[in-house]
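One-letter residues, chain by chain:
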Amino acid sequence: MALIEELNQQGNFLFRWRSYIPGVILFLSLLYLPYVPYFQGNYESNLYWLSGAFLVSFAGLFVRCFTIGYTPKNTSGRNTKQQVADVVNQSGIYSLVRHPLYVGNFLMYLGPVFILRDFAFALVYIMFFYLYYERIIFAEEYFLRGKFGEGYLKWADKTPAFIPRLSGYIKPNLDFSFRNIWKREYPSLFGIIVVFTVFDLIQVYFQEPALRAVDITGIWKPFHTWFFGFGLIFYVVTRLIVKTTKLLEVEGR
């Protein structure tokens, strides 16, 4: 098999599993986390660091939301079985970078990596992400080039693949749709909340053994109650709305 075909095959395989394989990074982070002391040696300071890492992940979610808020149906989707694209998005954030959703994913997973405060681990994550998404991007662009030909190549020639340029923004053709974001990205928001809650609980468990020695529920702090509680209620309510109503349905999205 020619290398170009092999790379395309690998990319399509990873494309189908792209929502799950990055979980390897989260798993490795969890294994490492018990050995990471509190930032500046106390829970309050560590909570500030945790909040900063959360903002990094939230920035990734913001990039995803900004992208999805303007994109039409059958583009920028969560499809896993095959590549789908009715048009090539070239306006909005797509006028600055070809794969903004993957930029968002990079930042979302970078947040938990920041919690570890380990430069070497961060480099491993960056290398893993690059090698993993390089294959997926290759397969996507192979598909788009075959379907849209010269039109796609002209856009790709002037638009960076991953690191956004800072000029040349083109106003999107569609109006911004908050409902489309709500419908498609609520699992991502809940996922971030779950990850950061679990990470914080693990640090408390290993850094404050006196709490778990008396009562393991003692590691659960007020912060966890409102943070996780909000996420759980938001997820359940949104799930019910999506599954039982058409409130979040948007024509052409």
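The structure displayed is predicted, hence computed values, not measured ones.

**Some remarks on the environment of I219**
Tracing the backbone through its elements, the reader meets I219 in the loop between helix 8 (209–214) and helix 9 (222–244). With relative accessibility at 11%, the residue I219 sits in the buried group. Considered as a pair, I219 and L201 are 18 residues apart in the sequence and their alpha carbons are 6.6 Å apart.

**Some details on the UniProt feature "transmembrane region" (unreviewed entry) in the protein**
The feature "transmembrane region" (unreviewed entry), as annotated in UniProt, sits at residues 17–35, 47–70, 106–133, 186–206 and 226–242 in this numbering. Helix makes up 92% of residues 47–70 and strand 0%. Its end C-alpha atoms lie 34 Å apart. Within the segment residues 226–242, helix and strand shares are 100% and 0% respectively, and the terminal C-alpha atoms sit 24 Å apart.

**Details of the packing of aromatic side chains**
All told, the structure shown has 27 aromatic pairs when counted by the stated rule. Ring plane angle 65 degrees and centroid distance 5.1 Å describe the contact between Y70 and F176, whose orientation is recorded as edge-to-face. Note that Y70 is positioned in the loop between helix 3 (43–68) and helix 4 (100–116) and F176 in the loop between helix 6 (150–158) and helix 7 (178–207), a separation of 106 residues in sequence. Overall, Y70 belongs to the partly exposed group, its relative accessible area being 23%. Between F190 and Y235 the ring centres are 4.7 Å apart and the planes differ by 25 degrees, which places this aromatic pair in the stacked class. Placement of F190 in helix 7 and of Y235 in helix 9 is noted, with a sequence separation of 45 residues between them. Given a relative accessible area of 14%, F190 falls into the buried group. On the basis of relative accessibility, which here comes to 24%, the residue Y235 falls in the partly exposed class. Connected via pairs of aromatic rings, a cluster forms that spans Y102, F106, Y125, F128, F129, Y132, Y133 and F162.

Rules and cut-offs
Residues numbered from 1 in each chain as written. Predicted model: local features only at pLDDT ≥ 70, side-chain atom pairs only at ≥ 80, totals over all residues. Heavy atoms only, no water. Helix = DSSP H or I, 4+ residues; strand = E, 2+ residues; numbered from the N terminus. Buried < 20%, exposed > 50% of the residue type's maximum accessible area, 1.4 Å probe, protein only. UniProt positions renumbered as here; feature names shortened; annotations may be inferred. Phe/Tyr/Trp six-rings, centres within 6.5 Å; stacked < 30°, edge-to-face > 60°.

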